[in-house]
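Take a look at the letters that make up each chain.
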Amino acid sequence: MSVAGLLWRGAATLAAPLLPLYLRSRAERGKEIAERLPERHGDGAARPPGPLFWFHAASVGETLSILPLLPVMLRGRPGLHVLVTTGTVTSATLLAQRLPADVAPRVLHRFVPLDVPAWARRFLDAWRPDAGAFVESELWPNLLAAAAARRIPMALVNGRMSVRSARRWGWLPALARQTLSRFDVILAQSPGDAERLAALGGRPVSAPGNLKFAADPLPADPAALAALRALTAGRPVWLAASTHPGEEAMIATAHRILAPARPGLLTIIVPRHPERGPAIAAELGTASRRAAGAEPGPDATIHIADTLGELGLFYRLADAAVIGGSLVPHGGQNPLEPARLGCPILAGPHMHNFAEIVGALEAAGGIRRLAASPAALADAVDAVLSSPDYGRSMAGAAALVAAQQAELPERVAAALLPLLPAQDTEEGRVTVEA
């Protein structure tokens with residue numbers, strides 16, 4: 001084990017007595033579920049019989065990206081169950097909401113244990129996964145080391161390694177090489193990600209594509225959508241989707257710029273974290289809140305849709321959408337979500353988390369970029385509202401990009417299923433110390 005790996009292992013062990021206080025603090029802020037805190041210590045296993053594949057998907061984006069993959073994996077291996085671990089309450093909630101009825105009985109969820117060696121051992125010894133995969137870029141050295149000690153074949157799926165992250169990992173080359181060597185298969189999102197992962201020591205690395213291209217359209221309750229359309233009939237509507245702190249004030253200012261020339265204009269804000277709804281309403285003053293029971297009726301001008309799992313409703317409702325996280329240096333949210341639903345896409349300068357996707361959308365004419373200012377935002381929204389043909393052209397081009405690689409889940413499943421033991425061998429793993 002590298003010196004950095006030993007230091008990380010030692011630091012995590014020393015920090016373990018303090019981590020329950022940290023977890024309780026997070027629970028008090030709604031970032032953990034209090035009754036499920038034992039899972040963060042590696043407790044709470046309920047392993048089903050037969051083969052078990054483990055996916056670790058850190059948060060919402062990673063969890064949503066594997067949803068199209070789960071049915072393919074389960075079809076490809078009769079008797080297989082899947083364990084999905086995540087680190088956020090929102091991702092756990094969305095997983096439960098989005099799993100198809102025929103898939104849900106074979107998918108289990110637990111919160112991932114913190115990267116403490118003893119907690120990682122406890123988790124793996126209880127669940128005994130036959131194979132596993134980390135999704136995108138959250139790499140926990142102790143958890144991966146414990147999996148390697150138990151000879152659990154592991155993959156990195158939809159692997160992402162930004163230039164910035166590669167530079168940081170490059171400061172600890174031995175730890176990077178050791179961590180990436182734990183993976184038997186590395187499937188990168190793009191050739192650039194594959195090149196950076198290989199340069200840090202990943203072997204073997206391929207770039208079959210980005211699973212976010214293969215996701216299903218965001219769902220929407222038909223009755224709720226019909227009600228919203230009736231409430232907003234005849235009004236110009238634009239959406240700020242998955243916003244982050246610092247963006248809502250810009251959006252409200254852009255609304256004030258647009259409103260005099262756009263009678264009945266409705267601006268809808270969907271915060272990335274719904275619990276911020278009350279604070280946003282207080283900041284903006286006149287905004288109504290969906291979580292408080294308000295609807296975007298005739299008197300509403302700025303409406304905060306601070307509920308969970310309803311973004312698909314508002315993409316279907318809006319005449320244009322600006323991608324949250326792109327007006328501040330966050331890196332943007334997934335632009336393929338509006339692309340699949342025919343909503344014209346606007347984005348600020350900060351979209352580096354989705355550089356490959358944005359590049360494809362720009363090349364196709366499926367996205368409009370803008371500066372991070374209220375005036376630029378108002379100008380871009382006005383351009384779409386003024387020309388429905390322009391909006392439809394953008395949406396059509398974006399939909400073609402989103403439809404690419406629809407077969408990718410099958411290709412990824414074909415790389416992962418061979419990691420499981422043959423069907424005529426004994427399933428399960430033995431307990432070892434590591």
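Refer to the preceding data block for the structure.
Now for a look at the structure at hand. Source: prediction; values computed, not measured. One numbering rule holds for all chains: residues counted from 1, following each sequence as written. Predicted model: local features are reported for residues with pLDDT of at least 70 only, side-chain atom pairs are reported and counted for 80 or more only, and whole-chain, interface and lining totals are derived from all residues. The side-chain values count all of the structure's non-hydrogen atoms but skip hydrogen atoms and water molecules.

## Some details on the environment of Pro204
Convention followed: A run of H or I in DSSP becomes a helix once it reaches four residues, and a run of E becomes a strand once it reaches two; helices and strands are each numbered from the N terminus. Partly exposed describes any residue whose relative accessible area lies between the buried limit of under 20% and the exposed limit of over 50%, with all areas from a 1.4 Å probe on protein chains only and scaled to the type maximum.
Of note, Pro204 is situated in the loop between helix H10 (191-199) and strand S7 (205-206). The class of Pro204 is exposed, set by a relative accessible area of 51%. With 24 residues separating them along the chain, Pro204 and Leu180 place their C-alpha atoms 9.9 Å apart.

## A few points about the pairing of strand S4 (residues 131-135)
Defined as follows: Strand pairing is defined by DSSP finding a minimum of two bridges between the two strands. With its strands directed away from the observer, a crossover is right-handed exactly when the path from the first strand over the helix to the second travels clockwise.
Burial analysis of S4 places five of its five residues in the buried class, which makes it a mostly covered element. Of the two faces of S4, both are covered, the one formed by Ala131, Ala133 and Val135 as well as the one formed by Gly132 and Phe134. Examined bridge by bridge, strand S1 (residues 52-56) and S4 share four bridges and lie parallel to one another. Bridge pairing links Trp54 to Gly132 in S4. In this fold, S4 hands off to helix H7 (residues 141-149), which returns the chain to strand S5 (residues 154-159); that crossover is right-handed.

## What about the sheet that holds strand S9 (residues 266-271)?
Across the sheet, which stays open at both edges, the seven strands sit in the order S10-S11-S9-S8-S12-S13-S14 with parallel pairing between neighbours. What marks the edges here is a single partner per strand, and that holds for strand S10 (288-289) and strand S14 (368-369). Bridging between strand S8 (residues 237-243) and strand S12 (residues 320-323) involves four bridges; their strand directions are parallel. Residue pairing for S12: Leu239 is matched across the bridge by Ala321.

## Let's talk about the packing of aromatic side chains
What counts here: In this analysis, rings of Phe, Tyr and Trp, with Trp reduced to its six-membered ring, are considered paired at centre separations within 6.5 Å, and the interplanar angle assigns stacked below 30 degrees, edge-to-face beyond 60, and tilted for intermediate values.
Enumeration over the complete set of coordinates arrives at five aromatic pairs. Aromatic side chains Phe53 and Phe55 sit 4.8 Å apart centroid to centroid with 40 degrees between the ring planes, which places their arrangement in the tilted category. Taken as a pair, Phe53 and Phe55 share a single burial class, namely buried. Relative to Phe183, the ring of Phe134 has its centre 6.2 Å away and its plane inclined at 65 degrees; by these criteria the two rings are edge-to-face. Placement of Phe134 in strand S4 and of Phe183 in the loop between helix H9 (173-180) and strand S6 (185-188) is noted, with a sequence separation of 49 residues between them.

## Comments concerning helix H2 (residues 19-28)
Heads up, the rule is: Summarising the geometry, the arc corresponds to the directions from the helix axis toward the C-beta atoms.
Within H2 the residues assigned to the buried category are Leu19, Leu23, Arg26 and Ala27. The buried residues of H2 occupy one face: seen down the axis, they fall within an arc of 100 degrees. Among the exposed residues of H2, those oriented more than 90 degrees off its buried face are Leu21 and Glu28.

## Side note on the pairing of S9
Counting buried positions along S9 gives six out of six residues, so the element sits mostly inside the fold. By the alternation rule, side chains of S9 split into Leu266, Ile268 and Val270 and Thr267, Ile269 and Pro271, which are all buried. Bridge count for S8 against S9 is six bridges, and the pairing is parallel. Residue pairing across strands places Ala241 opposite Val270, the latter belonging to S9. Chirality of the crossover, the property in question, places the unit of S8, helix H12 (residues 247-258) and S9 among those that are right-handed. Relative to strand S11 (residues 302-304), S9 runs parallel, the two being bridged by three bridges.

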